[in-house]
Amino acid sequence: VGSTLAARLLANRLGRALFARYTRVALAAAGVLAVVSLIGNWASSKFEKPNIALHQRVEVSSQYGGAGEDHTLLVDGDRTNLGFHTDCQGQGWVIVDLGAPKKIEKVVVYNRTEFPERAVPTYLEVSNAHQNFRVVAEKKEVYDKWSATGLNTQARYIKLRNAPNNCFHLAEVEVY
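Cut-offs used in this document
Residues numbered from 1 in each chain as written. Predicted model: local features only at pLDDT ≥ 70, side-chain atom pairs only at ≥ 80, totals over all residues. Heavy atoms only, no water. Pairing = 2+ DSSP bridges. Helix = DSSP H or I, 4+ residues; strand = E, 2+ residues; numbered from the N terminus. Axes fitted to C-alpha atoms, helices over the stretch in contact; angles between N-to-C directions. Salt bridge = Lys/Arg side-chain N within 4 Å of Asp/Glu carboxyl O. Buried < 20%, exposed > 50% of the residue type's maximum accessible area, 1.4 Å probe, protein only. Disulfide = S-S within 2.5 Å. Patch = residues over 30% accessible without salt bridge, like charges linked within 9 Å, V, L, I, M, F, W, Y side chains within 5 Å. Areas by Shrake-Rupley, 256 points an atom, 1.4 Å probe, with all protein chains shown as cover. Contact = heavy atoms within 4.5 Å.

Colleague: In this structure, what is going on with the sheet that holds strand S3 (residues 93-104)? I would like to understand it.
Modeller: As summarised here, the arrangement of the five strands in space is S1-S3-S8-S5-S6, forming an open sheet in which the pairing is antiparallel. Of all strands in the sheet, those bounded by a partner on one side alone are strand S1 (57-60) and strand S6 (134-139). Between one strand axis and the next, the sheet turns through 25° on average, direction left out of account. Inspection of the sheet shows S1 paired to S3 by four bridges, in the antiparallel sense. By the bridge assignment, Glu59 is partnered in S3 with Ile95.

Structural data, given as structure tokens:
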């Protein structure tokens, strides 16, 4: 009886010791992950290029009544709002004026969450003179977020256009 009690006490003490050790290891791992995350966020904020479309002027081909009327929302940094909404007659477009010709590597387009199929296809065009736009990328599949990368071009005006006979609306446009 005495040896059974001693074995149970020893097992209980061993269980508490293992629990304490695993708890310390888990807390240390959580701390390391938190520090790594903070360093990663700091580094990306220090080395990430700024969004040069942020708060720039926006021009839209037409306006659908009662929806997406504040076009500044397209370049306000909020990827969830409705940036613009054209009439539903097709060939809709939106132009972001960067103010001066800028080097462009990447354009990120955030589609509207409702009716994302309306934005397909989307053509990304650029120009320095608000005319004679040239297509530099296109997206033919339904998307939530489209990153047109490797553009290596220079332009003042970024034009997003869609061809189908429907409405055109997006949430946000970022230019890097």
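Colleague: What should I look at first to understand the pattern of salt bridges in this one?
Modeller: Side chains that carry opposite charge are capable of pairing whenever their charged atoms lie near each other. Under the counting rule described, the total for this entry stands at eight salt bridges. A salt bridge links Arg57 to Asp97; the nearest nitrogen and oxygen atoms lie 3.7 Å apart. On the criterion of sequence distance, the pair formed by Arg57 in strand S1 and Asp97 in strand S3 is long-range, its members being 40 residues apart. For Asp97, a relative accessible area of 7% corresponds to the buried category.

Colleague: Would you mind showing me how to read the state of the cysteines here?
Modeller: Linking two cysteines covalently via their sulfur atoms produces the bond known as a disulfide. Tallying each qualifying case throughout the model produces one disulfide. Sulfur-sulfur distance for the disulfide between Cys88 and Cys167 comes to 1.6 Å. Its torsion about the S-S bond being 70°, the disulfide of Cys88 and Cys167 is classed as right-handed. Here Cys88, found in the loop between strand S2 (84-85) and S3, pairs with Cys167, found in the loop between strand S8 (153-162) and strand S9 (169-175); they are 79 residues apart in sequence, far enough to count as distant. In this structure Cys167 comes out as buried when scored by relative accessible area, which is 3%.

Colleague: Honestly, the pairing of S3 in this entry has me stumped. Any pointers?
Modeller: One face of the sheet, then the other: side chains in a regular strand alternate in exactly this way. Two elements, S3 and S8, share eight bridges in a ladder whose sense is antiparallel. Bridge pairing in S8 links Val94 to Leu160.

Colleague: I would appreciate a short explanation of a nonpolar patch on the surface in the present structure.
Modeller: A surface patch of nonpolar side chains, about 330 Å² in accessible area, is lined by Leu14, Leu18 and Tyr22. You can see Tyr22 is positioned in helix H1 (residues 2-47).

Colleague: I tried to follow the pairing of S9 on my own but got confused; where do I start?
Modeller: Of all seven residues that make up S9, seven are buried, and the element is covered over most of its length. Where S2 and S9 come together, two bridges link them in antiparallel fashion. In the strand pairing of S9, Phe84 is matched with Leu170. By the bridge criterion, five bridges tie strand S4 (residues 107-111) to S9 in an arrangement that is antiparallel. Bridged to Val107 within S9 is Val175.

Colleague: Where do I start with the environment of Thr86 in this structure?
Modeller: Here Thr86 is to be found in the loop between S2 and S3. Here Thr86 falls in the buried class, since its relative accessible area comes to 1%. Considering only alpha carbons, one finds Thr86 and Gln63, 23 residues apart in sequence, at a separation of 4.5 Å. Ignoring anything within four residues of it in the chain, the contact list for Thr86 reads Val60, Ser61, Ser62, Gln63, Tyr64, Gly92, Trp93, Cys167 and Phe168.

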